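One letter stands for each residue in the lines below.
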Amino acid sequence: MAIFKKKSRPDESIDMKRLPHHIAIIMDGNGRWAEQRHLPRTAGHQQGVEAIREIVKTASEMNIEMMTLYAFSTENWKRPENEVQFLMNLLVDYLRKEIEELNRQKVCISTIGDLSRFHGTVRDEIEMAIAKTASNNGLKMNIALNYGGRNELTRVIKQLMKEAVEGQVQTESISEDDIRSRLDTAAMPDPDLLIRTSGEQRISNFLLWQLAYTELYFTDTLWPDFRGEHFKEAIKDYQNRKRRFGGLT
Ligand code: FPP
């Protein structure tokens, strides 16, 4: 039997009543984008911020409820020091320069990941952006910073064991909900759609628990080239999927 994936047609329009509530994005391909242009890798990250600007604007205009962006993983510290430093500066710069526009768009910023590793300006700027956008009721922009799915689950297990030792939980009665409610994403719905750019088809330690029933969408487009039209194409593809969550229809 031939197996084929139904591709959305360019003229097919998005059903605004069936939008994914939460879209997670692995913004991959910045380095390759720069290498193709004989530029330093950092130029790819810089251009990647332009893509973030456009996708946040597009998502806001479409009334998407929530996006989680994988900006810095627990493994990204292994990169050369100058690249790590550049990414930190880029984040600070983005939050400083963009905050007014984000407020205008009613975007509410949150983060997931272990922020304890960030200090000084980086930590201050993140906390400031969260506080300044806290009352906005538009798109929830959740930024994954020093985030790793295994790290998150390890922290949950440590927490549960501590509570068990202190007699606050009974080991035998630990439920999926006890785990879910201790994740960094406790207050957030699981993503309906995951987009990964640059042709790589893996999860890379992103939202390991939360992606259990998420629809996965991979595109060859490199993150710095990712635009509103690509984002809409991913949503159209999502709308052609049949989600069964392990059931029948
Ligand atoms: C992956 O591309 C991208 C990252 C590790 C960083 C993503 C960060 C940004 C787009 C900008 C900073 C974030 C904010 C919120 C301002 P890669 O470097 O792994 O690319 P490659 O696989 O082609 O080498």
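These figures come from a predicted structure and were not determined experimentally.

A. Main features of the site of the ligand. As a structural note, the neighbourhood of the ligand is formed by 16 residues, with Asp28, Gly31, Arg32, Arg41 and Arg79 the closest of them. Within the backbone of Asn30, an N or O atom sits 3.2 Å from an oxygen atom of the ligand. Protein chains shield 91% of the accessible area of the ligand, which is 630 Å² for the free molecule. Within the residue set of the shell around the ligand, elements represented by two or more residues are helix H1 (30-36), helix H2 (41-61) and helix H3 (81-104).

B. Seen up close, helix H7 (residues 228-239). Compared with the 16 Å implied by 1.5 Å per residue over twelve residues, the 17 Å span of H7 between its first and last C-alpha is a close match. Restricting attention to buried positions, one finds in H7 the residues Gly228, Phe231, Ala234, Ile235, Lys236, Asp237, Tyr238 and Gln239. The secondary structure elements touched by the buried residues of H7 are strand E1 (22-26), H2, strand E2 (66-73), strand E5 (193-196) and strand E6 (215-218).

C. Broad picture of the packing of aromatic side chains. Within this structure, the stated rule accounts for seven aromatic pairs. Summarising the aromatic geometry, the rings of Tyr70 and Phe206 are spaced 4.1 Å apart at their centres and angled 10 degrees between planes, so their arrangement reads as stacked. Of the two residues, Tyr70 sits in strand E2 while Phe206 sits in the loop between E5 and E6, which places them 136 residues apart along the sequence. The burial state of Tyr70 is the same as that of Phe206; both residues are buried. Seen from their ring centres, Tyr147 and Phe206 are 6.1 Å apart, and the 85 degrees between their planes marks the pair as edge-to-face. Of this pair, Tyr147 sits in strand E4 (residues 140-147) while Phe206 sits in the loop between E5 and E6, placing them 59 residues apart in sequence. Overall, Tyr147 belongs to the buried group, its relative accessible area being 0%.

Rules and cut-offs
- Residues numbered from 1 in each chain as written.
- Predicted model: local features only at pLDDT ≥ 70, side-chain atom pairs only at ≥ 80, totals over all residues.
- Heavy atoms only, no water.
- Near = heavy atom within 4 Å.
- Polar contact = N/O pair within 3.5 Å; in protein donor to acceptor, adjacent residues only side chain to side chain.
- Areas by Shrake-Rupley, 256 points an atom, 1.4 Å probe, with all protein chains shown as cover.
- Helix = DSSP H or I, 4+ residues; strand = E, 2+ residues; numbered from the N terminus.
- Expected span 1.5 Å × (residues − 1).
- Buried < 20%, exposed > 50% of the residue type's maximum accessible area, 1.4 Å probe, protein only.
- Contact = heavy atoms within 4.5 Å.
- Phe/Tyr/Trp six-rings, centres within 6.5 Å; stacked < 30°, edge-to-face > 60°.

That is the geometry; function is a separate question.
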